[in-house]
Amino acid sequence: MIKFSSENRTTSDKINIDEFTYNNNLQFYTMLKLLLKCGLSDNQLVVFQDILERNKDINDSEKLASILLQDNAVISDKILKYEDFCYLINTMENCDLKMWISLMDISIELMFVKGLILEESKVYAKNQYRDVIRNIEDKLSLEYDISGLNLPYGQRVISSLLVYTLTNKDREDEFLLETSGKTIKVFNDKIKFIIHNYNINCNNMFSLIMAESMNQSITSDAGQSYESRVNEKINPLVDKMDGHSHDSNISSVEYDFTFEINNKKCGISAKRTLRERYKQNFEDVELLDVDYMFLITLGIDLNEDKLNNILQKHGIYIIVSNEVYESKSYLKNNYRVISSKDVSKKLLMKLTSIRELTDDELKKIIG
């Protein structure tokens with residue numbers, strides 16, 4: 001048996017957790033996970049909670065389980081989720097019944113607000129994200145790319161903050177966010193009860209559940225891809241732009257986009273980072289369907305060896321983010337490398353005006 005460290009402990013003291021606390025928090029987390037897996041609707045959660053409230057003084061777990069399952073009181077036995085619900089109900093056999101009822105009651109309360117926290121987090125983070133990217137004109141810049149992390153990371157941060165606000169035993173405000181028009185049921189007394197009686201860390205256990213749900217939400221609502229940003233940047237500058245295709249002469253050469261400008265056909269290979277893929281897709285344009293090939297990349301892993309390997313082929317230009325372009329002399333000194341900041345219709349027209357430009361000609365155009 002181990003104990004929590006005493007008050008006024010020094011930095012050398014170990015943080016200890018006793019078996020009682022560990023087992024109870026494990027029980028609570030398990031119940032939260034299983035309840036989430038049941039996928040009960042709000043109406044079913046209300047019925048479930050009402051039954052627990054009416055029978056909170058019962059001392060017989062078998063009897064309570066029978067009440068919850070009889071006559072399909074909460075969920076129909078004709079659906080697959082019924083098995084998950086039965087599994088959840090049977091967890092009461094492994095702990096004190098009074099504690100199980102209290103923990104299940106809080107778990108249900110948290111299910112009611114889980115969706116609200118996800119929505120609040122998404123809206124808040126999206127508003128902050130839009131404020132940031134609104135002032136960044138170059139969608140191919142490193143700044144724009146890094147700002148893209150604000151959306152998924154921001155959702156996780158605000159979700160964590162809201163969970164803490166919600167489960168803080170000393171909270172008084174009934175709103176999750178000041179800007180939210182929605183209220184939630186105050187259950188501070190319930191939280192204080194399970195903290196005092198069972199050493200339950202409601203904030204941390206619910207944060208685990210929210211983090212998992214948030215990851216699923218972010219995955220299903222993925223942000224703008226690098227390829228779509230390339231499309232937004234180039235499409236307004238050219239006469240015609242088409243999507244993904246393969247070269248008819250060399251099928252291994254793949255175009256994320258092709259576009260027409262100056263009566264020339266150009267291919268685009270859009271790769272946020274190159275890794276080892278840069279070795280593919282590049283041939284002398286005389287062998288391809290296109291007159292020119294543009295590699296568009298952030299440039300963060302475009303070293304000098306990769307650059308030279310790519311540009312040994314004829315008719316290829318490389319567009320990199322302005323920040324990387326300005327930081328690497330071997331990029332700035334190569335006139336077939338273009339900063340994303342400098343990409344314009346006028347530049348593309350000049351680059352495609354003749355088959356192969358000399359360094360001096362490129363220097364005049366770009367420099």
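As the structure is a prediction and not an experimental result, all values here were calculated from the model.

**Topic: the packing of helix α3 (residues 61-69) against helix α4 (residues 81-89)**
- Where α3 meets α4, the axes come as close as 10 Å, and the angle between the chain directions of the two elements is 160°. When the interaxial angle is binned, α3 and α4 end up roughly antiparallel. Between α3 and α4 the crossing geometry is right-handed. The residues of α4 that touch α3, namely those facing A65, L68 and L69, are Y82, F85, C86 and I89.
- Counted by class, the contact of α3 with α4 contains seven nonpolar, no polar and no charged residues.

**Quick word on α4**
- Residues of α4 that are buried include every one of Y82, D84, F85, C86, L88 and I89, and no others.
- Along its buried surface, α4 packs onto α1 (19-38), α2 (42-54), α3 and α5 (97-133).

**Quick notes on the packing of aromatic side chains**
- In this structure the tally under the stated criterion is five aromatic pairs.
- By the ring-pair criterion, three or more aromatic residues cluster together here, those being F259, Y292, F294 and Y317.

**A short note on the sheet that holds strand β7 (residues 316-320)**
- With mixed pairing, six strands are arranged side by side in an open sheet as β1-β4-β5-β6-β7-β8. The open sheet has two free edges, formed respectively by β1 (240-242) and β8 (337-339), since each of these has just one partner strand. The average undirected angle you get between the axes of adjacent strands in this sheet is 25°.
- Two elements, β1 and strand β4 (residues 257-261), share three bridges in a ladder whose sense is antiparallel. Bridge pairing in β4 places K240 opposite E260.
- Helix α10 (residues 226-234) contacts β1, β4, β5 (264-270) and β6 (292-296) of the sheet and is inclined by roughly 150° relative to β5.
- In the packing of helix α11 (residues 304-311) onto the sheet, the strands contacted are β6, β7 and β8, and the crossing angle to β7 comes to about 145°.

**Examining the pairing of β4**
- Taking burial as the measure, the five residues of β4 include four buried ones, the bulk of the element.
- Where β4 and β5 come together, five bridges link them in antiparallel fashion. Looking at β5, one finds that T258 is bridged to G267.
- Between β4 and the antiparallel strand that follows it, β5, lie two residues; N262 among them carries a positive phi value of about 60°.

**So, a nonpolar patch on the surface**
- A cluster of nonpolar side chains, I17, Y22 and L26, forms an exposed patch at the surface whose accessible area comes to about 300 Å².
- By relative accessible area, L26 is classed as partly exposed at 38%.

**Brief notes about the side chain of S147**
- As for its placement among the helices and strands, S147 is situated in helix α6 (residues 142-147).
- Setting aside residues no more than four positions away along its own chain, S147 makes contact with Y129, V132, I133 and I136.

**Overview of the packing of α2 against α3**
- One way to put it is that α2 packs onto α3 with a least axis distance of 11 Å and a crossing angle of 145°. Helix-helix and strand crossings are classified by hand; for α2 and α3 the assignment is right-handed. For the pair α2 and α3, the contacting residues are F48, I51 and L52 in the first and L64, I67 and L68 in the second.
- Here the residues of the contact of α2 with α3 are counted per class, giving six nonpolar, no polar and no charged.

Calculation notes
- Residues numbered from 1 in each chain as written.
- Predicted model: local features only at pLDDT ≥ 70, side-chain atom pairs only at ≥ 80, totals over all residues.
- Heavy atoms only, no water.
- Axes fitted to C-alpha atoms, helices over the stretch in contact; angles between N-to-C directions.
- Helix = DSSP H or I, 4+ residues; strand = E, 2+ residues; numbered from the N terminus.
- Parallel < 35°, antiparallel > 145°, perpendicular 65-115°, else oblique.
- Left-handed = near helix turned anticlockwise from the far one by under 90°.
- Contact = heavy atoms within 4.5 Å.
- Nonpolar A, V, L, I, M, F, W, Y, C, P; charged D, E, K, R; others polar.
- Buried < 20%, exposed > 50% of the residue type's maximum accessible area, 1.4 Å probe, protein only.
- Phe/Tyr/Trp six-rings, centres within 6.5 Å; stacked < 30°, edge-to-face > 60°.
- Pairing = 2+ DSSP bridges.
- Patch = residues over 30% accessible without salt bridge, like charges linked within 9 Å, V, L, I, M, F, W, Y side chains within 5 Å.
- Areas by Shrake-Rupley, 256 points an atom, 1.4 Å probe, with all protein chains shown as cover.
- Salt bridge = Lys/Arg side-chain N within 4 Å of Asp/Glu carboxyl O.

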